[in-house]
Amino acid sequence: MSHLHQSADVDGIATMTAMHQLDIKPGQTITLAPGGLHVMLMQPRAPLSLGGTVALELNFANGETVLVDATVVRLDGSS
């Protein structure tokens, strides 16, 4: 299972808000990255290793499903 979150710094306090959906306009590009919009894996089925990849299935409102391989990085974005 995975959750989509948005991290932010509000008045010097780190916050993280769950996103139940993400609206992406046609032609718009969204970047997922540590410290911002990111996917958080909850109880992964197998151990993750830095620099490795994990397969994600992205489901869109129009019924389209896209499979992507995401690189495993540290919270600061380094591998």
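Residues numbered from 1 in each chain as written. Predicted model: local features only at pLDDT ≥ 70, side-chain atom pairs only at ≥ 80, totals over all residues. Heavy atoms only, no water.

Right, let's get into unusual backbone geometry. We note that aspartate 11 has phi near 55°; this positive angle belongs to a residue other than glycine. Structurally, aspartate 11 can be placed in the loop between β1 (2-10) and β2 (13-19). In this structure aspartate 11 comes out as exposed when scored by relative accessible area, which is 77%. The phi dihedral of glutamine 43 is positive, around 50°, even though this residue is not glycine. Mapped onto the elements of the fold, glutamine 43 is located in the loop between β3 (37-41) and β4 (53-59). Accessibility expressed as a relative area gives 76% for glutamine 43, which makes it exposed. (Helix = DSSP H or I, 4+ residues; strand = E, 2+ residues; numbered from the N terminus. Buried < 20%, exposed > 50% of the residue type's maximum accessible area, 1.4 Å probe, protein only.)

Let's shift gears to a nonpolar patch on the surface. Together, Ile24, Ile30, Leu32, Leu58 and Phe60 make up an exposed nonpolar region whose accessible area comes to about 370 Å². Tracing the chain through its elements places leucine 32 in the loop between β2 and β3. (Patch = residues over 30% accessible without salt bridge, like charges linked within 9 Å, V, L, I, M, F, W, Y side chains within 5 Å. Areas by Shrake-Rupley, 256 points an atom, 1.4 Å probe, with all protein chains shown as cover. Salt bridge = Lys/Arg side-chain N within 4 Å of Asp/Glu carboxyl O.)

On to the side chain of histidine 5. Looking at where histidine 5 falls in the secondary structure, it is placed in strand β1. For histidine 5, a relative accessible area of 9% corresponds to the buried category.

With that settled, the discussion passes to the pairing of β4. With seven bridges connecting them, β4 and strand β5 (residues 65-71) associate as antiparallel partners. Note on β5: the bridge partner recorded for leucine 58 is valine 66. With antiparallel pairing between neighbouring strands as the criterion, β4 and β5 make up a hairpin whose turn holds five residues, including glycine 63 at a positive phi of roughly 95°. (Pairing = 2+ DSSP bridges.)

Moving on, we come to the side chain of serine 7. As for its placement among the helices and strands, serine 7 is situated in strand β1. A relative accessible area of 16% means that serine 7 is categorised as buried. Apart from the residues lying within four places of it in its own chain, the contact partners of serine 7 are Thr15, Met16, Gly35, Gly36 and His38. (Contact = heavy atoms within 4.5 Å.)

As a further point, take the environment of leucine 50. Inspection of the secondary structure assignment puts leucine 50 in the loop between β3 and β4. By relative accessible area, leucine 50 is classed as partly exposed at 43%. On a C-alpha basis, the gap between leucine 50 and valine 66 in space is 23 Å, while along the polypeptide they are 16 residues apart.

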